[in-house]
2 protein chains.
Amino acid sequence: MQEESHLAVGDSDTTPDTAPGTRRPGGRTARNREAVLEAALELLSELGYAATCVQDIANRSKVAASTIYRRWGNRDGVILDLAQTLVAEPAGALPDTGDLERDLALLGQVIVDVMSSPRGGVVQSALVAAGVDSPTARKTLAQIVNRRVEDTKLIAERAIERGDVPAGTDARHVINTLAAPIYHRWYIGGERPTTEELHRYARVAAHAARSGLLS
Amino acid sequence: MQEESHLAVGDSDTTPDTAPGTRRPGGRTARNREAVLEAALELLSELGYAATCVQDIANRSKVAASTIYRRWGNRDGVILDLAQTLVAEPAGALPDTGDLERDLALLGQVIVDVMSSPRGGVVQSALVAAGVDSPTARKTLAQIVNRRVEDTKLIAERAIERGDVPAGTDARHVINTLAAPIYHRWYIGGERPTTEELHRYARVAAHAARSGLLS
DNA sequence: AGCCAAATGAGATTCCTCTTGCATTAGTAC
DNA sequence: GTACTAATGCAAGAGGAATCTCATTTGGCT
């Protein structure tokens, strides 16, 4: 396991001391990475998490399975990389109607739409499944969701500036109060929230914020 | 595949028309079922969902692996049966302090304790993982959670009777408003909610209920 | 342009999951 | 108790996932 500490003069030590794909990140390595992640995203959308296997990713991406195992370890490794890549993408425009409750209802609809889409939902669901056993997946999932909270908390901050919500309110709590019942309905209840439910969630979150319960 | 429709007189038709384990449910069949479910629960607790395999369940329960495959199909089938069995167990006593917010905070602690325990948490986590792909697991998970909601909604109904909460309030909404952020913190955030957070969740749910937002 | 090793591809190999066939055990009805 | 057969155990084997070896390709550097 341990590498020799003396300066390698001319012996047959050929083991690189970094992970594969980091020494020559350009050219074929970069192309392969893109092809693998794209194939993984497509297969996740088409087949779901359980049915997506490394062999299929290899076939579709035209990258050898042994290469995928070497660089990502296993299926979850690919999905984690995919998730990290997707979360780096910039967010869209935020609702800004001047009313907190209405903004939250619109945001709730955006959250549902994202979860219904391949890029957002399928990968996130895979992370939920993998996260039950893997701390790394859990951390990535939390990172993704936290990133989205940071991207959207401006909605609550505007309400604070307007004076609709007490100063000292934690904008992230406001977003989480909206998001929690949405995810609960999705992953635990197994159903997509209705528009009526989204409005109720937004009403509860806005009311709690206005009442100073989210500081 | 298709069985002959004529009355079997004396031919070599030996295929039973019901699932294995249903024709002779007593004696060895019952003992094996108990041993398999107990072993599965232990292994889930010790190894987690991903690492629990049929072969290990067979070794620990002293039931042949082929028997497990025949009766439950695969690992998830065993876990589903285990979940259905656990959910049939009676619930414990409910908090009843006369104050909705305090009752909800105590209930929140109970929910966290259940999720931290093998019987509740490990099986539920396995269902969350399996539910991402399996509609059956999703249904079972929803059934378990709904059952718990039904068992605990009395807390909210008492508040309605006391007049602390408007008539027409849906007691299940009250419970779900408490539970959603707990599950959110657990499965999405990857962390166990703190006592302070539990109190905030209870405060928000109680306040929403009192304000008539949960009808 | 030329060199060196990182990265890859193809195939062999190992390990594990799940299925199947057959002989044996044991639950249930009589 | 006896008969019938569902249920089980055991072993063989098919199929797939993951690892390993080695020859080849190719990116990065001079």
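Counting restarts for each chain, with residues numbered from 1 along the sequence as it is written. Written order determines the labels here, with chains lettered from A and ligands numbered from 1. In view of the model being predicted, local features appear only for residues whose pLDDT reaches at least 70, and side-chain atom pairs are presented and counted only at 80 or more, with totals across whole chains, interfaces and linings using the full set of residues. Each side-chain value is derived from all of the structure's non-hydrogen atoms; neither hydrogens nor water enter the calculation.

**Things to note about the protein's contact with DNA strand C**
Whether a residue is near a molecule or strand depends on its heavy atoms: it is near if one of them lies within 4 Å of it. Near DNA strand C you find 28 residues, and of these R24, A64 and R71 of chain A together with R24 and Y69 of chain B are the closest. Pairs of N or O atoms within 3.5 Å make up the polar contacts considered here, provided that, within protein, one atom can donate a hydrogen while the other can accept it, and that residues adjacent in sequence are counted only when both atoms are side-chain atoms. Backbone polar atom of A64 of chain A to a phosphate oxygen of DNA strand C: 2.8 Å apart, as the coordinates give it. Runs of H or I in DSSP of at least four residues are treated as helices and runs of E of at least two as strands, each being numbered from the N terminus. Counting only elements with at least two residues in the surface near DNA strand C, the list comes to helix 1 (28-47) and helix 3 (65-72) of chain A together with helix 1 (28-47) and helix 3 (65-72) of chain B. Each residue gets one of three labels, nonpolar for Ala, Val, Leu, Ile, Met, Phe, Trp, Tyr, Cys and Pro, charged for Asp, Glu, Lys and Arg, and polar for the others, Gly among them. Partitioning the surface near DNA strand C into residue classes produces seven nonpolar, 11 polar and 10 charged.

**Notes on the protein's contact with DNA strand D**
Around DNA strand D, a shell composed of 28 residues is seen, among which R24 and Y69 of chain A together with R24, S66 and R71 of chain B lie nearest. Looking at DNA strand D alone, sugar and phosphate atoms form 64% of those within 4 Å of the protein. At 3.2 Å, a side-chain N or O of R28 of chain A approaches a base oxygen of DNA strand D. Take R31 of chain A: an N or O atom from its side chain is 3.5 Å from a phosphate oxygen of DNA strand D. Where the surface near DNA strand D is concerned, the elements lending two or more residues are helix 1 and helix 3 of chain A together with helix 1 and helix 3 of chain B. Considering each element in turn, the surface near DNA strand D owes the most residues, four residues, to helix 3 of chain B. Considered class by class, the residues forming the surface near DNA strand D number seven nonpolar, 11 polar and 10 charged.

**What about the domain arrangement of chain A?**
All names here are of chain A. The domain boundaries assigned to chain A delineate domain 1 (28-73) and domain 2 (100-210). On a C-alpha basis, the centroid separation for the pair domain 1 and domain 2 is 30 Å. With four residues of domain 1 in contact, the opposing surface of domain 2 contributes seven residues. Contact between domain 1 and domain 2 buries roughly 470 Å² in total, counting both sides, with carbon and sulfur atoms accounting for 84%. Each of two parts loses accessible area, computed with a 1.4 Å probe, when they are put together; buried area is these two losses added. The largest share of the area that domain 1 buries against domain 2 comes from L41, L44 and Y49, three residues that together contribute 83% of it. A pairing counts as a salt bridge when a side-chain nitrogen of Lys or Arg comes within 4 Å of a carboxyl oxygen of Asp or Glu. Linking domain 1 with domain 2 are zero salt bridges, by the criterion used here. At the junction of domain 1 and domain 2, the tally comes to zero residue pairs in polar contact (both at pLDDT 80 or more). Taken together, the residues of the side of domain 1 that touches domain 2 break down into three nonpolar, one polar and no charged. Domain delimitation in this document rests on an assignment produced automatically or drawn from a domain database. Residues are treated as being in contact if the distance between any of their heavy atoms lies within 4.5 Å.

**Remarks on the pattern of salt bridges**
Residue and element names in this part refer to chain A. The full count for this structure, using the stated rule, is 28 salt bridges over all chains. D81 is the partner of R33 in a salt bridge, and the nearest nitrogen-oxygen pair spans 2.7 Å. Remark: D81 occurs in helix 4 (residues 75-87) and R33 occurs in helix 1; sequence separation between them is 48 residues. Here the term buried applies to any residue with accessible area under 20% of the maximum for its type, exposed to any over 50%, and partly exposed to those in between, with areas from a 1.4 Å probe on protein chains only. We classify R33 as partly exposed; its relative accessible area is 30%. Overall, D81 belongs to the buried group, its relative accessible area being 17%. For R158, the salt bridge is made with D96, and the minimal N-O distance between the two is 3.5 Å. One end of the pair, R158, is in helix 8 (residues 154-162); the other, D96, is in the loop between helix 4 and helix 5 (100-116), with 62 residues separating them in the sequence. Judged by relative accessible area, which is 45%, D96 ranks as partly exposed. A single network of salt bridges, built from pairs that share partners, joins E42, E46 and R60.

**Concerning the packing of aromatic side chains**
Aromatic ring pairs are described here by two measures, namely the spacing of the ring centres and the angle between the planes. Between the rings of Phe, Tyr and Trp (Trp by its six-membered ring), a pair exists once the centres lie within 6.5 Å; its type follows the angle of the planes, with under 30 degrees stacked, over 60 edge-to-face, and the other angles tilted. Considering all chains together, one arrives at two aromatic pairs over all chains under this definition. Over a ring means this: the NZ of a Lys or the CZ of an Arg is within 6 Å of the ring centre and within 35 degrees of the ring normal. Over the face of the ring belonging to Y49 of chain A we find R75 of chain A, whose NZ or CZ atom lies 4.1 Å from the ring centre.

**Describing helix 10 (residues 195-210) of chain A**
In a regular helix each residue adds 1.5 Å, so 16 residues correspond to 22 Å; helix 10 of chain A covers 22 Å between its end C-alpha atoms and thus fits that length. Here helix 10 of chain A has its buried residues at E197, L198, R200, Y201, A202, V204, A205, A206, A208 and A209 of chain A. For helix 10 of chain A, the secondary structure elements touched by its buried residues are helix 5 and helix 9 (171-188) of chain A together with helix 9 (171-188) and helix 10 (195-210) of chain B. Among the residues trailing helix 10 of chain A, G212 of chain A stands out with phi positive, at a value near 75°. The span you would expect from a helix comes to 1.5 Å times its residue count less one.

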